[in-house]
Amino acid sequence: MRWPDLLRLALHSLAAHRLRSFLTLLGIAIGIAAVILLTSLGESLHNYVLNEFTQFGTNIIMVTPGQQAARGGTPGLPTTARDLTLDDAEALTRIPHISIINPETWGNAEVRGNGRVRRIIVRGGGPGMHELYSFEVASGQFLPKEQSHNARALAVLGHKLKKELFGSGQALGERISIGGERYIVIGVLEPKGQILGMDIDDTVYIPAMRSMTLFNRSGLDQISLAYDINVGPAPALPLIRQILTARHGREDYTLNTQDEMISRLRNILGTVTLFIGALGGISLMVGAVGIVTIMTIAVTERTREIGLLIALGARRNTILTLFLAEAVVLAAIGGLFGLTIGIGLAWLVGFFAPSFPVTTPWSFTIAAEVFSAFIGLAAGVLPARHAARLNVVDALRSE
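Residues numbered from 1 in each chain as written. Predicted model: local features only at pLDDT ≥ 70, side-chain atom pairs only at ≥ 80, totals over all residues. Heavy atoms only, no water.

J.: I'd like a description of the overall build of the protein, backed by residues and values.
T.: Looking only at helices and strands, the protein has 12 helices and 12 strands in total. Taken across its 399 residues, the protein has 45% of its residues classed as buried. The long-range fraction of contacts in the protein, counting pairs at least 24 apart against all pairs at least 6 apart in sequence, stands at 80%. Carbon and sulfur atoms make up 60% of the accessible area of the protein, which totals about 20,700 Å². (Helix = DSSP H or I, 4+ residues; strand = E, 2+ residues; numbered from the N terminus. Buried < 20%, exposed > 50% of the residue type's maximum accessible area, 1.4 Å probe, protein only. Contact = heavy atoms within 4.5 Å. Areas by Shrake-Rupley, 256 points an atom, 1.4 Å probe, with all protein chains shown as cover.)

Structure representation (structure tokens):
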């Protein structure tokens, strides 16, 4: 029997029991819709988080105090790791292919200005911090190049902080108080947005030495270095270790590159997306059970028809193929219906949450439709084999 004839017979059989066929394909449709919606959300979360991280640059090496590798000992005891200092950051300037070295500290403090008060994040850094993290200066300038141990009390305001304190008025040259210390505003940054809930625009930037004094810190939270992207981090990493180990007497610090962090993050998010899709796939099993049930009922109802076909010369492989075709067509139509629902729901999520754009890759839709047809094929095997093995005499005698 030709494939067009098989398809026509399958559609005719399904149309003869419209309500039953619709309820069966609805089970597949709900499963496919769940897979499409959940994997779309997972993929969108994957892209959203990666974009949030990469907007601050990818050619960054981060040095943090303390060795993060497992070294034994009792958890919770004080560490003997030496602090990272401004002198450490200064010593790293001798490394070739490193364009920016930024000593960093951060904390939380009250900022007063123009008769208004806000409690915000205060970040200490160096003159290259805005280039390192791709910050754009809207007016004025960023922190100037000065002796790190004698930095003046200068401040750069994030876009939102400037608006909250000074509104549409001029902020440059104004005096503000940060944690009780007086600073002069020398710059305002362009809007940058948020990263994982942290508002970059509602932040004030001051010299690292001033930040250490403000928060009574003896060391830096981090030293960030920007390497030549054409050279990569490999040449710089051993030199950083050599210099810091010589200064500290041992390796009591940790090096991480932005590429490594993004790669680990990509792997984690990929696994999350896979498990989210698998959760949606569980509902497909319910649809598969529905197909098995309906096809078994169809074989029972059409026993005499099957016996007649065999008596007229139809081969048992033809009977098998006919019932498999019905199962596959039923699942494929349910898959198309589910794709429409799933893509529509994903679009609605993106419409009502524009800051979290939801996209459905074509690879997902194609894979989902192929998978739904495969579900139909697998679910239809047992009923189809039962139909093909019926005894012709018994089949003709059935009521």
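J.: Help me get a handle on the packing of aromatic side chains, residues and values and all.
T.: In the structure shown here, the tally under the stated rule is 7 aromatic pairs. Considering the side-chain rings of Trp-347 and Phe-351, the 5.3 Å spacing of their centres and the 20 degrees angle between planes classify their relative orientation as stacked. Remark: Phe-351 and Trp-347 occur in helix α10 (residues 316-352); sequence separation between them is 4 residues, near one turn of the helix. Assigned by exposure class, Trp-347 and Phe-351 land together as exposed. Here the aromatic rings of Phe-351 and Phe-352 are separated by 5.2 Å at their centres, their planes lie at 85 degrees, and the arrangement is edge-to-face. What links up through ring pairs into an aromatic cluster is the set Tyr-133, Phe-135, Phe-142 and Tyr-205. (Phe/Tyr/Trp six-rings, centres within 6.5 Å; stacked < 30°, edge-to-face > 60°.)

J.: Requested: an account of the nonpolar core, with residues and values cited.
T.: Most often, soluble globular proteins keep nonpolar side chains buried together rather than apart. Counting 25 residues, the largest nonpolar core has Val-63, Leu-92, Ile-223, Leu-225 and Ile-240 as its most contacted members. When contributions to this core are tallied by element, the ones reaching two or more residues are β1 (60-65), α3 (86-91), β2 (98-113), α6 (208-214), β11 (222-227), α7 (236-248) and β12 (253-257). Ranked by residue count, the leading element in this core is α7, at 5 residues. Excluding residues within four positions of it along the chain, Leu-225 makes contact with Asn-59, Ile-60, Ile-61, Val-63, Leu-92, Ile-98, Ile-100, Ile-101, Leu-132 and Ile-240. Among the nonpolar cores identified, the runner-up in size contains 23 residues, and Ile-28, Leu-284, Ile-291 and Val-329 belong to it. (Core = buried A, V, L, I, M, F, W, Y, C linked by side-chain atoms within 4.5 Å.)

J.: Give a description of the pattern of salt bridges that names residues and reports values.
T.: The final tally for this structure, using the stated rule, is 9 salt bridges. Arg-112 is paired through a salt bridge with Glu-110; the nearest N and O atoms lie 3.2 Å apart. Since its relative accessible area comes to 33%, Glu-110 is described here as partly exposed. Lys-160 is paired through a salt bridge with Asp-199; the nearest N and O atoms lie 3.3 Å apart. Here Lys-160, found in helix α5 (residues 159-166), pairs with Asp-199, found in strand β9 (residues 198-199); they are 39 residues apart in sequence, far enough to count as distant. For Asp-199, a relative accessible area of 16% puts it in the buried group. Connected through salt bridges with shared partners, the residues Arg-118, Glu-164 and Asp-202 form a single ionic network. (Salt bridge = Lys/Arg side-chain N within 4 Å of Asp/Glu carboxyl O.)

J.: Outline the confidence of the model for the protein, listing residues and values.
T.: Mean pLDDT over the protein: 81, with 85% of residues reaching 70 or higher. The secondary structure element of the protein with the lowest average pLDDT is helix α12 (residues 392-397), at 58, and the one with the highest is strand β5 (residues 154-157), at 95. This model gives residues 69-78 a pLDDT under 50, and the stretch forms 0 contacts once residues within four places in sequence are excluded. (pLDDT = per-residue confidence, 0-100.)

J.: Hey, could you go over a nonpolar patch on the surface for me, with residue numbers and the actual values?
T.: The grouping of Leu-19, Phe-22, Leu-23, Phe-337, Ile-341, Leu-345, Trp-347, Leu-348, Phe-351 and Phe-352 at the surface amounts to a nonpolar patch, some 1,000 Å² of accessible area in total. Listing elements by their share of the nonpolar patch, those giving two or more residues are α2 (18-54) and α10. By residue number, the principal contributor to the nonpolar patch is α10, which donates 7 residues. Mapping Phe-22 onto the fold places it in helix α2. (Patch = residues over 30% accessible without salt bridge, like charges linked within 9 Å, V, L, I, M, F, W, Y side chains within 5 Å.)

J.: Summarise empty space enclosed by the protein; cite the residues concerned and give the values.
T.: Throughout the structure, instances matching the rule amount to 1 cavity of 30 Å³ or more. Around the largest cavity, the lining comprises 10 residues; the ones closest to its centre are Ser-13, Leu-14, Arg-20, Ile-294 and Ala-298. For the lining of the largest cavity, the secondary-structure elements that each account for two or more residues are α1 (3-16), α2 and α8 (258-301). Tallying contributions element by element places α8 first for the lining of the largest cavity, with 3 residues. Taken together, the residues of the lining of the largest cavity break down into 4 nonpolar, 3 polar and 3 charged. (1 Å grid on protein atoms, 1.4 Å probe; cavity = no way out; pocket = protein on both sides within 12 Å on 5 of 7 lines; lining within 4 Å. Points joined across faces, edges and corners; volume = space filled by probe spheres on them. Nonpolar A, V, L, I, M, F, W, Y, C, P; charged D, E, K, R; others polar.)

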